[in-house]
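Below, each chain spelled out in residue letters.
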Amino acid sequence: MVRYIIPYIFLYLFYLPFRILPYRACLVYGRFLVRLLYPLAKKHRKIAYDNISYAFPDYSEEKKKELVWKSFLHIGDLLAGTLFAPRLSRKWMDKYLVYDAESLAIEQKTIQDGVGVVLISGHFGTWEILVQFMGIRMKGGGIYKKVRNPYVDRLIHKLRSKNGIKLVSTEESSQVTKMLKQGYWVGFGSDQNAGKVGIFVDFFNRKASTYQGPALMAYLTGAKMLLYSVLCGEKGKVMVRVKDLGFVDKSAFSDREAAIRHYTEVWTKALEEEVKLYPEQYFWVHRRWRTKPGDFPGQI
């Protein structure tokens, strides 16, 4: 068990300043850490540059490199938000969360309707803050993948569930349908590479293997689909943008597969449009397009 304890202690010591420092100081500290590590991150800088080049082919070399730098600075904000997030409170939200009128109206009406919600987000903005305020603002649920290190796994589970969100592991995914039928808002961060289990849809000028989970859950349960963007603003403010993607209309499609493909394309396109507005806040360092058509025979 020693091989698990040492990484856990290292992780906890890394987390400790974010547990103690005020929120705005955490943001400064997060960016400071990224500035220190940026010169060493040659591999990830190249991944970000290549992804940005595909996504924005009309950008000049200077603009691409500038976006790489800004996206890394944002990782500092993301790190701070992620590790500070368990300390969120209603008082913090009243001070820092900013909704536009349309987004707030969508959220409030959906809460009043009492329907289950497939809450779709991406690796965009400061998404761990979204995880936390789901537990405070609504009847929130989430899916998490267990970490092999049991000590780290318990710590992550404790931090993520701090504000009341109900978590289920990927091994208990059957619980998600029950939760949605009970009126939970279940979060899906589904914009990572789905490998051989995904379907290919267009995302920033390339075919991307994409998880079917959000559309499938909406299809099976009748839950409403909402796309959330939770973005870093000025002076520590967090901007919340909500897009109503509606309910699955089964009657408009010949079979389940056609419906799931359509709504997967809908939410993926909606996320792309959001990222275009705030490209520096997308997680360009992840290998979103690693799986390519033809890598796995029979994949569609």
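Our structure's up above, just so we're on the same page.
Residues numbered from 1 in each chain as written. Predicted model: local features only at pLDDT ≥ 70, side-chain atom pairs only at ≥ 80, totals over all residues. Heavy atoms only, no water.

**Q** Even after reading the chapter, I still don't get the sheet that holds strand β3 (residues 140-144), so can you show me in this structure?
**A** Sheet strands pair via backbone hydrogen bonds, and the direction of the pair is either parallel or antiparallel. Taken together, the 7 strands give an open sheet; going across it, the order is β1-β9-β8-β2-β5-β3-β4, and neighbouring strands pair in mixed fashion. Looking at which strands have only one partner, the edges of the open sheet turn out to be β1 (97-99) and β4 (166-169). Shown here is a sheet whose adjacent strand axes are inclined to one another by a mean of 30°, direction ignored. With 4 bridges joining them, strand β2 (residues 117-121) and strand β8 (residues 224-232) adopt parallel strand pairing. Paired with Leu119 across the strands is Leu226, a residue of β8. (Pairing = 2+ DSSP bridges. Helix = DSSP H or I, 4+ residues; strand = E, 2+ residues; numbered from the N terminus. Axes fitted to C-alpha atoms, helices over the stretch in contact; angles between N-to-C directions.)

**Q** Sorry if this is basic, but what is going on with the environment of Glu272 here?
**A** By the element assignment, Glu272 lies in helix α11 (residues 256-277). Setting aside its immediate chain neighbours within four residues, Glu272 contacts Asp202, Phe203 and Phe204. (Contact = heavy atoms within 4.5 Å.)

**Q** Would you explain the pairing of β2 in this entry?
**A** For a regular strand, side chains alternate in direction, first toward one face of the sheet and then toward the other. Of all 5 residues in β2, 5 are buried, a share of seventy percent or more. Burial along β2 is two-sided: the face carrying Val117, Leu119 and Ser121 and the face carrying Val118 and Ile120 are both buried. (Buried < 20%, exposed > 50% of the residue type's maximum accessible area, 1.4 Å probe, protein only.)

**Q** Would you explain the nonpolar core in this entry?
**A** A general trend in soluble globular proteins is that nonpolar side chains are found buried together. The biggest cluster of nonpolar side chains holds 44 residues, and the ones touching the most others in it are Phe72, Val118, Phe204, Met225 and Trp284. When contributions to this core are tallied by element, the ones reaching two or more residues are α3 (42-55), α4 (61-84), β2, α9 (174-181), β5 (185-189), α10 (213-221), β8 and α11. Broken down by element, the residue count for this core peaks at 7 residues, all from α11. Those residues in contact with Phe72 that sit more than four places away from it in its chain are Val34, Tyr38, Ala41, His44, Arg45, Ala48 and Val285. Among the nonpolar cores identified, the runner-up in size contains 38 residues, and Leu130, Met134, Leu159 and Trp185 belong to it. (Core = buried A, V, L, I, M, F, W, Y, C linked by side-chain atoms within 4.5 Å.)

**Q** I keep staring at the packing of aromatic side chains and nothing clicks. Help me out?
**A** Aromatic ring pairs are reported here in terms of the distance separating the ring centres and the angle at which the planes meet. Inspection of the entire model under this criterion finds 25 aromatic pairs. Note on Phe56 and Tyr59: the rings are 4.6 Å apart at their centroids and 10° apart in plane angle, and the pair reads as stacked. Note on Phe203 and Trp289: the rings are 5.7 Å apart at their centroids and 20° apart in plane angle, and the pair reads as stacked. With a gap of 86 residues between them, Phe203 in strand β6 (residues 199-203) and Trp289 in the segment after α11 connect regions that are remote in the sequence. Phe203 sits in the buried class, given a relative accessible area of 1%. Taking the relative accessible area as the measure of exposure, Trp289 reaches 6% and is therefore buried. In textbook terms, an aromatic cluster arises when at least three aromatic residues are bridged by ring pairs, as seen for Phe56, Tyr59, Phe124, Phe203, Phe204, Tyr282, Trp284 and Trp289. Over the aromatic face of Tyr59 sits the side chain of Lys63, whose NZ or CZ is 4.3 Å from the ring centroid. Geometry around Tyr54 places Arg206 over its ring, the cationic atom sitting 3.8 Å from the centre. (Phe/Tyr/Trp six-rings, centres within 6.5 Å; stacked < 30°, edge-to-face > 60°. Lys NZ or Arg CZ within 6 Å of the ring centre and 35° of its normal.)

**Q** I would appreciate a short explanation of the pairing of β3 in the present structure.
**A** Where burial is concerned, most of β3 is hidden: 4 out of the 5 residues are buried. Where β3 and β4 come together, 4 bridges link them in parallel fashion. Paired with Ile143 across the strands is Val168, a residue of β4. Between the parallel elements β3 and β4, the chain passes through helix α8 (residues 150-160) in a crossover that is right-handed. (Right-handed = clockwise from strand over helix to strand, strands pointing away.)

**Q** What should I look at first to understand the side chain of Glu274 in this one?
**A** Tracing the backbone shows Glu274 in helix α11. Residue classification places Glu274 among the buried residues on the basis of a relative accessible area of 3%. The contact partners of Glu274, leaving out residues within four places of it in the chain, are Phe124, Leu227, Ser229, Arg241 and Lys243.

**Q** Explain helix α1 (residues 2-20) to me, please; I cannot follow it from the model alone.
**A** Each α-helix turn comprises 3.6 residues. Residues three or four places apart therefore point the same way. For α1, with 19 residues, the first-to-last C-alpha span of 27 Å sits near the 27 Å given by 1.5 Å per residue. The largest bend along α1 reaches roughly 30° and is located at Phe14, with the proline Pro17 sitting one to four residues downstream. All of the buried residues along α1 are Tyr4, Tyr15 and Phe18. Where the residues of α1 are buried, they touch α2 (23-37), α4 and α8. (Expected span 1.5 Å × (residues − 1). Bend = angle between axes of the 7 residues up to and from the residue.)

**Q** It is not clear to me how a nonpolar patch on the surface should be interpreted in this structure. Could you clarify?
**A** On the surface, a nonpolar cluster with roughly 380 Å² of combined accessible area is contributed by Met1, Ile5, Ile9 and Leu13. Position of Met1 among the secondary structure elements: in the segment before α1. (Patch = residues over 30% accessible without salt bridge, like charges linked within 9 Å, V, L, I, M, F, W, Y side chains within 5 Å. Areas by Shrake-Rupley, 256 points an atom, 1.4 Å probe, with all protein chains shown as cover. Salt bridge = Lys/Arg side-chain N within 4 Å of Asp/Glu carboxyl O.)

**Q** Would you mind going over the environment of Thr110 with me for this structure?
**A** Relative to the assigned elements, Thr110 resides in helix α6 (residues 101-113). Sequence spacing of Thr110 and Leu226 is 116 residues, and the spatial spacing of their C-alpha atoms is 9.5 Å. Those residues in contact with Thr110 that lie beyond four places of it in its chain are Val115, Val117, Trp185, Lys224 and Leu226. There is a polar contact of 3.3 Å between the side chain of Thr110 and the side chain of Lys224. (Polar contact = N/O pair within 3.5 Å; in protein donor to acceptor, adjacent residues only side chain to side chain.)

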